[in-house]
Amino acid sequence: MTQMDTAETGQGGPADTRAPGTRAGAPAAGTAGTWRAGIRRAIRNGSRPGPWKRGLVLAALALLLGLFMLLHAKIPNRIGGLGSLVETFLPWFGLFIPVLLAGALWRRSASAVVALLLPVVVWLNLFGGLLSDKSHPGGDLTVASHNVGADNPEPAGTARELSASGADVLALEEITDQAQGTYEKELAKAYPHHTVQGTVGLWSKLPLSDIRTVDVAMQGMVGPLAEHLSAEEKKATPRALRATVATDQGPLAVYVAHLGSVRVNPKGGFSTSQRDAGERALGKAIAAEQNKRVVLLGDLNGTMDDRAFADITSQLHSAPDAAGDGFGFTWPAKFPVARIDQILVRGVEPESSRVLPPTGSDHLPVAAGISW
């Protein structure tokens, strides 16, 4: 090999394929950019909260809702009747569950979804039984009750609709002097036996006896009915009665009651003093009742979830709860949000319970089939 050949070989060597301007040993620009993007993604993923850390506020709200419904009886009533107010509308707190669920799904929060199990279980335990139809065909006797409304513009039509319901025993509340004659006339053919005591009345296809008024401790009166009475009448007018219905299975004690109205105002809160006094008096009268078979019909101006009705619910049980086909809301008639018109029994079995079609009243009528 010649000297020239050796020099050329040393100077040449393998062809240099690097891009112009690139230093030997430096990484390509694309590779460096990829590494930097990967590092940024890793930092973002590491700092982003996982599904168990997202939506912690929603999870806390779900737990509070569940505890609120679970411990509703612990809410104090001495502060503006707050406990009774909550219990009156307790079923409606379930509407917060789908709202919180939507928020949990939007936030992709596993913790909030799991926390929602508490209010779901509590609500179903309290009201799940009302979602199914528990009514049965038949029954020895059908009873019905309706607050016909002091301002009812169509008492004759209301009477005809109630008569067509097929009830054997019919209780009416909030009867005014002006409308009493209309109810008596329209119901006379279907119900040969009846009594009216003050603003409540009982119509029956079966004989009535042992009729008397029941003192429900009304020291005055408020509400639509009060507008139709003088000051003296408000104090003296009975709002509850008791009668014995002669059935083929034996005597049945029937109570009809219209307890005091309740009011909600910013200063006084949920005012229930008149109603609660009437509840206690009515509970005492039922406790003294000698007949083992008892039915209570009427507008009690409260739901049976309300702790204020313990004197009654400890002795009687609700026909809609035992044999209804839903929540049985009765007031107000145009958009019912609470069941304040009640049918409660002792010594007989409810077979069915239903809310009847609206009349000219601001309440919906209710009916129940009972058997011995």
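Before any of the text, the structure's been laid out above.
Residues numbered from 1 in each chain as written. Predicted model: local features only at pLDDT ≥ 70, side-chain atom pairs only at ≥ 80, totals over all residues. Heavy atoms only, no water.

Engineer: Help me understand the sheet that holds strand β4 (residues 200-204), please; the structure alone is not making it clear to me.
Structural biologist: Strands belonging to one sheet form pairs held by backbone hydrogen bonds; the direction of such a pair is parallel or antiparallel. Strand order in this open sheet of 6 strands is β3-β4-β2-β1-β14-β13, and the pairing throughout is mixed. Strands with a single pairing partner mark the edges of an open sheet, and in this sheet they are β3 (193-197) and β13 (349-355). Shown here is a sheet whose adjacent strand axes are inclined to one another by a mean of 15°, direction ignored. (Pairing = 2+ DSSP bridges. Helix = DSSP H or I, 4+ residues; strand = E, 2+ residues; numbered from the N terminus. Axes fitted to C-alpha atoms, helices over the stretch in contact; angles between N-to-C directions.)

Engineer: In this structure, what is going on with the nonpolar core? I would like to understand it.
Structural biologist: Across soluble globular proteins, you tend to see nonpolar side chains buried next to one another. Ranked by size, the top nonpolar core spans 22 residues in total, and within it V143, L202, L252, V295, I343 and I370 carry the most contacts. Not counting residues within four places of it along the chain, the set of residues in contact with V295 comprises V143, L252, A253, V254, Y255, L344, V345, V348 and I370. (Core = buried A, V, L, I, M, F, W, Y, C linked by side-chain atoms within 4.5 Å. Buried < 20%, exposed > 50% of the residue type's maximum accessible area, 1.4 Å probe, protein only. Contact = heavy atoms within 4.5 Å.)

Engineer: Can you help me understand the side chain of T359 in this one?
Structural biologist: Of note, T359 is situated in the loop between β13 and β14 (366-371). There is a polar contact of 3.2 Å between the side chain of T359 and the backbone nitrogen of S361. Excluding its chain neighbours within four sequence positions, the residues that come into contact with T359 are H146, N152, T158, E161 and P365. (Polar contact = N/O pair within 3.5 Å; in protein donor to acceptor, adjacent residues only side chain to side chain.)

Engineer: Honestly, a nonpolar patch on the surface in this entry has me stumped. Any pointers?
Structural biologist: On the surface, W52, V114 and L117 cluster together into a nonpolar patch covering about 340 Å² of accessible area. Locating V114 in the fold gives a position in helix α6 (residues 110-115). (Patch = residues over 30% accessible without salt bridge, like charges linked within 9 Å, V, L, I, M, F, W, Y side chains within 5 Å. Areas by Shrake-Rupley, 256 points an atom, 1.4 Å probe, with all protein chains shown as cover. Salt bridge = Lys/Arg side-chain N within 4 Å of Asp/Glu carboxyl O.)

Engineer: Got a minute to help me understand empty space enclosed by the protein in this structure?
Structural biologist: Any space left empty among the atoms is revealed by the rolling of a water-sized probe across them. Within the structure shown, the criterion is met by 1 cavity of 30 Å³ or more. Taken as a whole, the largest cavity holds about 80 Å³ of empty space. If you go around the largest cavity, you meet 13 residues; those closest to its centre are P320, G328, S353, R354 and V355. Of all the secondary structure elements, the ones that give two or more residues to the lining of the largest cavity are β12 (341-346) and β13. Looking at side-chain class alone, the lining of the largest cavity contains 4 nonpolar, 5 polar and 4 charged residues. (1 Å grid on protein atoms, 1.4 Å probe; cavity = no way out; pocket = protein on both sides within 12 Å on 5 of 7 lines; lining within 4 Å. Points joined across faces, edges and corners; volume = space filled by probe spheres on them. Nonpolar A, V, L, I, M, F, W, Y, C, P; charged D, E, K, R; others polar.)

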